Structure formats: C-alpha cells, structure tokens
Amino acid sequence: MAEHTGPGTRDVAIVAFGQTDHRRTSDELSEVEMLMPVLHEVLAATGLKTSDIGFTCSGSSDYLAGRAFSFTMALDGVGAWPPISESHVEMDGAWALYEAWVKLQTGEADTALVYSYGKSSPGSVRDVLTRQLDPYYLAPLWPDSVALAALQAQALIDAGDTDEPALAGVAARSRDAARANSRAQLGGSVPQGDYVVRPLRTGDCPPIGDGAAAVILAAGERARELCARPAWIRGIDHRIEAHSLGVRDLTDSPSTRLAAERAGAFLRPVDTAELHAPFTSQEIVLRKALRLGDEVTVNPSGGALTANPVMAAGLIRLGEAAARVHRGASDRALAHATSGPCLQQNLVAVLEGDPR
C-alpha cells in the first residue's frame, strides 16, 4: 500500500531521469530515433519493462514537427501494443509530469513514464512561437519570442532591477556550470556576442537545438524499490498569467510566486533551484518571485541558457533537480518550468530526499 503525506495524497517520487545530448541539429534522426535511447535509459535504470509501467504521458508540440498528431508516431518508441494507458499534452513535458502525478494520486497506477522531445532546428522557432500569442491583437504583428523577451529585459532595466553587465554575469555563470554537464549544447567561455534585439545579446538568449528527456515516477514503497534515494515530490502546482501581455507587469511573475506558495516552496529553505529561464532577464524575475538568495545553487546544470530543447527544457529542470537528490548533492530542491511568452505559464515543484 502506498504511503500518504496527507489526507488523500500519495507519496510520489521521481526515480529515474535521462536525456539526450542536446545538439544544434539532428537532421539524421527522427523524433522516435532521438527518443528511444532515452526511454531505454530510464527503464534500464529501474529494471522496469514497458509492460510494468502503469501510465505513460508525453509532452510535445505539433507546430514544431509541422504535422498534426505527430506525437502518435513517437509512441512507436514506447511500444503501444499490448495496449497501454497513455496520454499527451501539447505542452512542455513538465506538464505531462504533472498529469502523471495526478494519475498516480488516483491510485489507478503505481508507476508512470513521462517523456518529451522537441526539434527546433528544422524551422524558425522564433516565428513558430508567435502562434502562442493572442490571435486577434498580437499574433498578426508577428512579434517573435526574442523581441518579447527584450521588452521584458528592458522593463527590468528601466525599473532598476538589473543592467546589462548583470545579465552577462548570469550567462557566464550558467555556461561555466555547463562545463560539468556533458549533455549541454553550450558550455565554457562563450562571448556575449552582438545584440539580437537590444538589450539582449546572443549570450542572453537560449541556443536553438534538438533534444529529448524522460523520467519515471513511482508511488510509495515502489519508489524505494526502484531507486536508492527517490526524489519525493513534496509539492507541485502550476499557474498562468493573463494572456494579454499589455495587462501584465513584465518585471514580476505572480503566477510563479503563487505556484511556489501552493507547492510549499516557502515553508523551508531549498538548497538547489533548477529554473527554466531561457533568457538571462527571466532568471532575474524568477529569483525575485521565488525568494532565492545567494545561498541557493541556481541552475548547476547550466539551465536553458546552455540547452533549450523546446517542449523538453522544463521537464529537464525537474529531472536535473531530481538527479541531484538521487546522488546526494541536494536534500531539498526546487524545480521550475515555464511555457509561453515572458513567463506566461509557470510550474513549480519541490523535491526532497529521504533523511540521511
């Protein structure tokens, strides 16, 4: 019988995490070929077979693939026969993890496989992401993702919350951390480069690349059977800002703060935070909303500034935080994922390891 952390709540943990090497392009691989090694990696880490998984959930975007219902092809990498219990979200894989967590809460499954993938290299991802905008007022103007992030960065500078040297410092720290991450696309001493859209330079923006990630969730004692030190999900919540950018204060993220509060992030200090901040300016916003001080290790993996596979980067933040708990590098970690322009939608999870 699964353990409970409160009335009606099951203890659920991330027990395995895997990801691809993130690359500028993977023209020679289909989504299935890119995904399969990662699926094999997490199954092998737990000793599970596909038939042992109670629920499967994926996150991806048909806009990136350029064809409707492209996620059904990715199921070839999982194996959908004999029939499996499966679902899909047209979102970053972090939201697929949330759906799987809810499924495990119902007691209908004790294990779940969550995966996500994205190939941004075939087209102009800056243009593709305009389709997330309000279809009547903003989308017809085709403001791309970098231009909107630049508006947010300039608002922060105008408010006195940051400046260009501080943004460059965020980029430098992230790329230095990525030296220790063999999966990262960028790392080490990389110049800030020229302006892309002022005040954002190349180094303030995420690399365009392809990648995939997967995690396995398990409930209660099943988690301890599958992993020496499970990363227990002590709280998880997601919230959304108003769709219209014009009614938002771009220097703040109330939805992140509320999600963190509901997830219990402010009850006790965290030692690690994996933030899904594709732009340097967004880390400034998130640090303020999440009340993270200098004592917290932020993005030890390098974060989305060093590898940003669209639709997988948020799930990777959860996986990286969990991996640090697994190996004893963290006892209480915060993981954050975002989707949409200027931190429109935000998910926060708190992960803890068993006391040592």
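Note that the structure is a prediction, hence the values are computed from the model and not measured.

Q: What am I meant to see in the packing of helix 9 (residues 254-263) against helix 10 (residues 280-290) here?
A: Each pair of packed helices gets described by two things: the angle between the helix axes and the distance between those axes. The geometry of helix 9 relative to helix 10 is characterised by a closest axis approach of 9 Å and an angle of 40° between their N-to-C directions. What the angle tells us is that helix 9 and helix 10 run oblique. Pair helix 9 / helix 10 crosses with right-handed handedness. Of the residues in helix 10, those in contact with Thr256, Arg257 and Ala260 of helix 9 are Leu286, Ala289 and Leu290. Across the contact of helix 9 with helix 10, the residue classes tally to four nonpolar, one polar and one charged.

Q: Even after reading the chapter, I still don't get the nonpolar core, so can you show me in this structure?
A: What tends to happen in soluble globular proteins is that the nonpolar side chains get buried as a cluster. Among the nonpolar cores identified, the biggest contains 38 residues, and Ile14, Leu97, Val114, Leu217, Ile233 and Leu318 are the most heavily contacted of them. In terms of domain composition, this core takes at least three residues from each of domain 1 (12-124 + 208-226) and domain 2 (133-206 + 234-351). When near neighbours in sequence (up to four residues on either side) are disregarded, Leu318 contacts Ile14, Ala94, Leu97, Ala335, Leu347, Ala349 and Leu351. Listed in part, the 26 residues of the second largest apolar core include Leu35, Leu48, Ile53 and Tyr117.

Q: Can you walk me through helix 11 (residues 313-326) in this structure?
A: Think of an α-helix as turning once every 3.6 residues; residues three or four places apart then point the same way. A rise of 1.5 Å per residue sets the reference length of helix 11, with its 14 residues, at 20 Å; its end C-alpha atoms lie 20 Å apart and thus fit the reference within 8%. Counting buried positions over the 14 residues of helix 11 gives 13, a clear majority of the element. Looking one or two residues past helix 11, Gly328 carries a phi angle of roughly 85°, positive in sign.

Q: I'm lost on the sheet that holds strand 14 (residues 345-352) in this one. Help?
A: Sheet strands pair by backbone hydrogen bonding; their relative direction is either parallel or antiparallel. An order of 5-4-6-9-3-10-14-13-11-12 is seen for the 10 strands of this open sheet, with the pairing classed as mixed. Where the open sheet ends on each side, the last strands, each with one partner, are strand 5 (86-89) and strand 12 (297-298). When strand 13 (residues 332-339) meets strand 14, the two strands line up antiparallel, connected through eight bridges. Residue pairing in the sheet places Ala335 in a bridge with Ala349 of strand 14. Against the sheet, helix 1 (residues 31-46) contacts strand 3 (12-19), strand 6 (111-119) and strand 9 (210-219), and its axis sits at roughly 30° relative to strand 9. Those strands touched by helix 11 are strand 3, strand 6, strand 9, strand 10 (231-240), strand 11 (272-274), strand 13 and strand 14, and its axis lies near 110° from that of strand 3.

Q: Would you mind showing me how to read the pattern of salt bridges here?
A: Note that side chains of opposite charge can pair when their charged atoms are close. Overall, the coordinates contain 23 salt bridges when judged by the stated rule. The salt bridge involving Lys103 is made with Glu108; its shortest N-O contact spans 3.0 Å. Of the residues examined, Glu108 reaches a relative accessible area of 58% and is grouped as exposed. Here Glu352 ties to Arg268 by a salt bridge, and the two come within 2.3 Å at their closest N and O atoms. You can see Glu352 sitting in strand 14 and its partner Arg268 sitting in the loop between helix 9 and strand 11, a full 84 residues away along the chain.

Q: I tried to follow helix 10 on my own but got confused; where do I start?
A: Of all 11 residues in helix 10, 10 are buried; the element is thus mostly enclosed. Residues of helix 10 that are buried: Thr280, Ser281, Gln282, Glu283, Ile284, Val285, Leu286, Arg287, Ala289 and Leu290. Once helix 10 ends, the next one or two residues include Arg291, with phi positive near 55°.

Q: Please clarify how empty space enclosed by the protein should be interpreted in this entry.
A: Leftover empty space is mapped by rolling, across the atoms, a probe with the size of a water molecule. Counted under the stated rule, the structure contains two cavities of 30 Å³ or more. Considering the residues around the largest cavity, the lining is formed by Gln19, His22, Asn181, Arg183, Ala184, Ser301, Gly303, Thr306, Ala307, Ile316, Arg317 and Glu320. With three residues, the top contributor of residues to the lining of the largest cavity is helix 11. Residue classes in the lining of the largest cavity are distributed as three nonpolar, six polar and three charged. Around the second largest cavity, the lining residues are Glu31, Ser60, Ser61, Leu64, Ala65, Tyr117, Gly118 and Lys119. For the lining of the second largest cavity, the element with the highest residue contribution is strand 6, accounting for three residues. Looking at the lining of the second largest cavity residue by residue, the class counts come to three nonpolar, three polar and two charged.

Each value, and the rule that gives it
Residues numbered from 1 in each chain as written. Predicted model: local features only at pLDDT ≥ 70, side-chain atom pairs only at ≥ 80, totals over all residues. Heavy atoms only, no water. Axes fitted to C-alpha atoms, helices over the stretch in contact; angles between N-to-C directions. Helix = DSSP H or I, 4+ residues; strand = E, 2+ residues; numbered from the N terminus. Parallel < 35°, antiparallel > 145°, perpendicular 65-115°, else oblique. Left-handed = near helix turned anticlockwise from the far one by under 90°. Contact = heavy atoms within 4.5 Å. Nonpolar A, V, L, I, M, F, W, Y, C, P; charged D, E, K, R; others polar. Core = buried A, V, L, I, M, F, W, Y, C linked by side-chain atoms within 4.5 Å. Buried < 20%, exposed > 50% of the residue type's maximum accessible area, 1.4 Å probe, protein only. Domains from an automatic or database assignment. Expected span 1.5 Å × (residues − 1). Pairing = 2+ DSSP bridges. Salt bridge = Lys/Arg side-chain N within 4 Å of Asp/Glu carboxyl O. 1 Å grid on protein atoms, 1.4 Å probe; cavity = no way out; pocket = protein on both sides within 12 Å on 5 of 7 lines; lining within 4 Å. Points joined across faces, edges and corners; volume = space filled by probe spheres on them.

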